[in-house]
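Chain and residue survey
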There are 2 protein chains.
Amino acid sequence: MNISKTEQIILNILWDKHPLSVSAVIENVTKTQHWHDNTIKTLLTRLVKKGALKRFKQDKKFVYEPLISRDEIISKESEGFLDQFFGGKMAPLVAHFAQHKKLSKKEIQDIKKILEDMEKNDD
Amino acid sequence: MNISKTEQIILNILWDKHPLSVSAVIENVTKTQHWHDNTIKTLLTRLVKKGALKRFKQDKKFVYEPLISRDEIISKESEGFLDQFFGGKMAPLVAHFAQHKKLSKKEIQDIKKILEDMEKNDD
DNA sequence: ACATTTCAACTACAACTGTAGTTTAATTTT
DNA sequence: AAAATTAAACTACAGTTGTAGTTGAAATGT
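An account of the accompanying structure is given in this report. (Residues numbered from 1 in each chain as written. Chains lettered and ligands numbered in written order. Predicted model: local features only at pLDDT ≥ 70, side-chain atom pairs only at ≥ 80, totals over all residues. Heavy atoms only, no water.)

Attention now goes to the pattern of salt bridges. Under the defined criterion, the tally for this structure stands at 14 salt bridges over all chains. Note that B:D117 is salt-bridged to B:K113, the shortest N-O span being 3.1 Å. Here B:D117 pairs with B:K113, and both are found in helix α6 (residues 105–120), just 4 residues apart, close to one helical turn. Overlapping salt bridges, with partners in common, bring together A:K112, B:E116 and B:E119 in one network. (Salt bridge = Lys/Arg side-chain N within 4 Å of Asp/Glu carboxyl O. Helix = DSSP H or I, 4+ residues; strand = E, 2+ residues; numbered from the N terminus.)

Looking now at the packing of helix α1 (residues 5–16) of chain B against helix α3 (residues 37–49) of chain B. Residues and elements named next belong to chain B. Where α1 meets α3, the axes come as close as 10 Å, and the angle between the chain directions of the two elements is 80°. Considering the angle they form, α1 stands roughly perpendicular to α3. Every residue of α3 that contacts α1 at T6, E7, I10, L11 and L14 is listed here: I40, L43, L44, R46 and L47. Of the residues contributing to the contact of α1 with α3, the split by class is 7 nonpolar, 1 polar and 2 charged. (Axes fitted to C-alpha atoms, helices over the stretch in contact; angles between N-to-C directions. Parallel < 35°, antiparallel > 145°, perpendicular 65-115°, else oblique. Contact = heavy atoms within 4.5 Å. Nonpolar A, V, L, I, M, F, W, Y, C, P; charged D, E, K, R; others polar.)

We now examine the protein's contact with DNA strand D. By nearness alone, 16 residues border DNA strand D, and A:R55, B:S4, B:T6, B:T42 and B:K50 come closest of all. In DNA strand D, atoms within 4 Å of the protein come from the sugar-phosphate backbone in 50% of cases. B:S4 places a polar side-chain atom, nitrogen or oxygen, 2.6 Å from a phosphate oxygen of DNA strand D. Going through the elements one at a time, β3 (61–66) of chain A together with α1 and α3 of chain B are the ones with two or more residues in the surface near DNA strand D. Per-element accounting of the surface near DNA strand D gives the leading share, 4 residues, to α3(B). (Near = heavy atom within 4 Å. Polar contact = N/O pair within 3.5 Å; in protein donor to acceptor, adjacent residues only side chain to side chain.)

Here the focus is the packing of aromatic side chains. Going through the model one piece at a time under the given rule, you end up with 5 aromatic pairs over all chains. Ring geometry for A:F81 and A:F85: centres 5.4 Å apart, planes at 50°, overall tilted. Highlighted residues: A:F81 and A:F85, both in helix α4 (residues 70–86), separated by 4 residues, approximately one helical turn. Overall, A:F81 belongs to the buried group, its relative accessible area being 8%. Grouped by ring-pair contacts, the aromatic residues A:F81, A:F85, A:F86, B:F81, B:F85 and B:F86 constitute a single cluster. For A:R55, the ring lying beneath its charged end belongs to A:F62, and the centroid distance is 3.5 Å. The positively charged end of B:K57 is found above the aromatic ring belonging to B:F62, 4.7 Å away from the centroid. (Phe/Tyr/Trp six-rings, centres within 6.5 Å; stacked < 30°, edge-to-face > 60°. Buried < 20%, exposed > 50% of the residue type's maximum accessible area, 1.4 Å probe, protein only. Lys NZ or Arg CZ within 6 Å of the ring centre and 35° of its normal.)

Given below as structure tokens:
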């Protein structure tokens with residue numbers, strides 16, 4: 001299954017909260033994207049067809065919810081991304097962001113903490 | 001400019017080494033992809049048309065080289081990726097990989113080192 | 001110079017994507 | 001119940017992408 005960029009935006013919303021009616025999805029999407037209603041409906045339909053969403057009637061209206069997990073997609077996409085641009089390694093990614101000053105002090109601390117916790121709970 | 005996944009593979013090769021002749025590109029690509037020669041040629045042509053590569057004759061044969069920098073594309077793609085999946089923050093990305101045990105001990109050390117260096121050379 | 005091999009250019013084509021418009025069916029309002 | 005509104009389904013259409021095939025031009029071997 002392949003999820004396009006626009007479809008991904010719909011999925012992100014439904015991962016946050018579901019099930020959602022068409023109108024609720026539209027409302028959420030249009031907060032950030034200037035899309036026509038029908039465009040959003042098309043995307044929903046395509047996602048159902050792809051098996052990424054399921055829909056069912058609730059209160060006489062269709063509602064949608066994800067069939068694939070955020071984690072599943074994130075894992076797939078992350079690996080592809082890392083392979084494509086950083087030879088599959090995290091370190092160069094971090095280095096890239098470091099070089100471009102995309103990391104705040106707080107973020108650095110957060111990341112270090114994550115890594116240290118990880119070292120502790122070593123298994 | 002938008003680079004597709006397959007095009008990206010071609011670019012990756014040319015960033016490593018350039019200029020390269022068509023046959024050299026083909027040779028490199030087919031190490032990892034089972035693509036027909038013409039497919040690779042099409043990709044090269046499209047990349048030229050997009051302005052991502054330029055080509056010129058060398059020794060009576062065309063050779064190709066990148067017009068856009070790896071860093072440029074990586075920056076763009078990385079940000080898009082991070083926004084799409086991790087709310088634009090690195091920490092959750094690291095956490096994701098940590099959770100999925102995708103980080104070796106050595107990598108953890110490497111990343112920590114990068115972060116610490118960064119804290120030192122603070123500006 | 002002609003045949004052969006190699007390059008390069010041009011053409012093809014279906015699936016997927018972005019982006020809706022149009023038609024039909026269901027629900028709600030008066 | 002007829003009219004109005006809303007929801008759902010169906011249709012459209014050009015651009016991009018993956019994946020080559022075909023044709024024509026140039027270089028090389030004999």
